[in-house]
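One-letter residues, chain by chain:
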Amino acid sequence: MNSEEVLDAHRRAGVIARKAREYGVSLVKPGVTYLSLAEEVEKLIIDSGARHAFPVNIAVDDIAAHYTPVPNNKLTFQSGQIVKLDVGTHIDGCIADTAASVEVGTNRWASLIEASRAALDAARDVLPPGIELRKVGGAVERTIEARGFRPISNLCGHSVGAYDLHAGHSIPNVADDNYDTLSVGEVVAVEPFATNGAGHVSGKKNSNIYRLLRKPGDGDIESYPILADIYSEFKQLPFSERWCAARNPKSSAQLAKLVRRGIVAFYPMLMEARGGMVSQAEHTVIITENGNEVIT
Ligand code: CO
């Protein structure tokens, strides 16, 4: 693919990611299971002609990022929660990544949700080519702090490359020491997070989302036949325990072994350090001559 075809594939992935995000948001209601939402949104992505860049992430309240339900998960949305829905699609490896926050049944967190949304707009306003990325982080930080909240300083936006969700640049959410700049034609996901908590996340618990740490060799595949299937389906993009279970009923035990062997890693659930509520907004954009083009 030449560079114009690559950008076109990102744009087509973006149209489907947007549709998936909007559909997912419309499904968030008290009593609805996380599992049914994840499955319906993931089905829409496939039926629309894209593939998954990662499992549908459903991060509730003080979970900032990284969680997807397992096959028998019974959790349901409850009134008063903030749900971050993060969806990723790709066409021929060209990724679109987008997220929105929605409150379940109440209206107590509207200003927190607005803070991350406004920060995304502020980041886009200062994102033409050549701008030091710390200035983008500064715009996010000021916008969120002006509303009485904190940005999450250790979560960043990111470049997206071919079959690569975190390629190259990080897009900070605070004015850090990132003096990198972007050039025309780069594709980046911008994702501010706002909280009423400490402003950083940590976590060790398994999110049920995994990735291959390296391309499996012939010896690995001989010992663990499931690896051939994982690599051909997902390459090194994140995948869920749910998807593996649907393809191979013995996959859970095999995944645990592969984690112990250091071939597969799980993503930890990222929790707000002081238990604060967290909102997120995210678009994927293409850097243009004069600014950026939202594709999601
Ligand atoms: Co995302």
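Shown above is the structure to which this text applies.
Residues numbered from 1 in each chain as written. Predicted model: local features only at pLDDT ≥ 70, side-chain atom pairs only at ≥ 80, totals over all residues. Heavy atoms only, no water.

Re the coordination of the cobalt ion
Surrounding the cobalt ion are the protein donor atoms Asp86 (OD), Asp86 (OD), Asp97 (OD) and Glu282 (OE), at 1.9 to 2.5 Å. Given 4 donor atoms and angles of 57 to 148° at the metal, the environment of the cobalt ion is assigned as irregular. Binding-site remark: the cobalt ion is held by donors from one chain whose sequence spacing is D-x10-D-x184-E. Of the two residues, Asp97 sits in strand 4 (residues 94–103) while Glu282 sits in the loop between strand 15 (278–280) and strand 16 (283–287), which places them 185 residues apart along the sequence. Like Asp97, the residue Glu282 is buried in the burial classification. (Donors = N, O, S within 2.8 Å, 3.2 Å for Na, K, Ca; no water. Tetrahedral: all angles 85-135°; square planar, octahedral: opposite > 155°, others 65-115°. Helix = DSSP H or I, 4+ residues; strand = E, 2+ residues; numbered from the N terminus. Buried < 20%, exposed > 50% of the residue type's maximum accessible area, 1.4 Å probe, protein only.)

A short note on the nonpolar core
Ranked by size, the top nonpolar core spans 40 residues in total, and within it Val28, Leu37, Val41, Val56, Ile58, Phe77 and Val83 carry the most contacts. At the level of secondary structure, the elements contributing two or more residues to this core comprise helix 1 (3–27), helix 2 (34–47), strand 1 (51–60), strand 3 (82–91) and strand 4. When residues of this core are assigned to their parent elements, the largest contribution, 7 residues, is made by helix 1. Setting aside residues no more than four positions away along its own chain, Phe77 makes contact with Val28, Lys29, Pro30, Gly31, Val32, Thr33, Tyr34, Leu37, Ile58, Val60, Val83 and Val104. The next biggest cluster of nonpolar side chains, apart from the first, holds 22 residues, and it includes Ile82, Val140, Ala194 and Met277. (Core = buried A, V, L, I, M, F, W, Y, C linked by side-chain atoms within 4.5 Å. Contact = heavy atoms within 4.5 Å.)

Observations concerning the side chain of Ser159
Locating Ser159 in the fold gives a position in strand 6 (residues 157–161). Polar contacts involving the side chain of Ser159 include one to the main-chain carbonyl oxygen of Ala167, which spans 2.8 Å. Engagement of the side chain of Ser159 in a polar contact is seen with the backbone nitrogen of His169, the distance being 2.8 Å. Ser159 has contacts with Leu165, His166, Ala167, Gly168, His169, Glu186, Val187 and Val188, leaving out every residue within four places of it along the chain. (Polar contact = N/O pair within 3.5 Å; in protein donor to acceptor, adjacent residues only side chain to side chain.)

Things to note about the packing of aromatic side chains
Counting across every chain of the model gives 5 aromatic pairs. Their ring planes at 20° and their centres at 6.0 Å tell us that Tyr210 and Phe239 sit as a pair that is stacked. With Tyr210 in strand 11 (residues 206–212) and Phe239 in strand 12 (residues 239–240), the pair connects residues that are 29 residues apart, well separated along the chain. A residue is classified by how much of its surface remains accessible, and Tyr210, at 5% relative accessible area, is buried. Overall, Phe239 belongs to the buried group, its relative accessible area being 0%. Their ring planes at 10° and their centres at 5.2 Å tell us that Phe234 and Phe239 sit as a pair that is stacked. (Phe/Tyr/Trp six-rings, centres within 6.5 Å; stacked < 30°, edge-to-face > 60°.)

A word on the packing of helix 1 against helix 2
Their axes nearest at 9 Å, the elements helix 1 and helix 2 cross at an angle of 155°. By the angle between their axes, helix 1 is roughly antiparallel relative to helix 2. Crossing angle aside, the handedness with which helix 1 passes helix 2 is right-handed. Note on element contacts: helix 2 touches helix 1 through Leu37, Glu40, Val41, Leu44 and Ile45, opposite Ile16, Lys19, Ala20, Tyr23, Gly24 and Leu27. For the contact of helix 1 with helix 2, the class distribution of residues is 8 nonpolar, 1 polar and 2 charged. (Axes fitted to C-alpha atoms, helices over the stretch in contact; angles between N-to-C directions. Parallel < 35°, antiparallel > 145°, perpendicular 65-115°, else oblique. Left-handed = near helix turned anticlockwise from the far one by under 90°. Nonpolar A, V, L, I, M, F, W, Y, C, P; charged D, E, K, R; others polar.)

Quick word on the sheet that holds strand 16
Strand order in the open sheet formed by 5 strands is 7-6-8-16-17, and the pairing between neighbours is antiparallel. With one partner strand each, in any of the chains shown, strand 7 (164–171) and strand 17 (292–294) form the two edges of the open sheet. Neighbour-to-neighbour, the strand axes of the sheet open up by a mean angle of 35°, direction not taken into account. Across 4 bridges, the pairing between strand 6 and strand 7 is antiparallel. Bridge pairing in strand 7 links Gly161 to Asp164. (Pairing = 2+ DSSP bridges.)

Let's talk about the packing of helix 6 (residues 226–234) against helix 8 (residues 251–260)
As a packed pair, helix 6 and helix 8 sit with axes 11 Å apart at the nearest point and diverge in direction by 85°. By the angle between their axes, helix 6 is roughly perpendicular relative to helix 8. On the side of helix 6, the interface is formed by Ile226, Leu227 and Ile230, while helix 8 contributes Ser251, Gln254, Leu255 and Leu258. Looking at side-chain class alone, the contact of helix 6 with helix 8 contains 5 nonpolar, 2 polar and no charged residues.

A closer look at the environment of Ala59
Mapped onto the fold, Ala59 is located in strand 1. Considered as a pair, Ala59 and Gly138 are 79 residues apart in the sequence and their alpha carbons are 25 Å apart. Excluding residues within four positions of it along the chain, Ala59 makes contact with Ala64, Ala65, Ile82, Val83 and Lys84.

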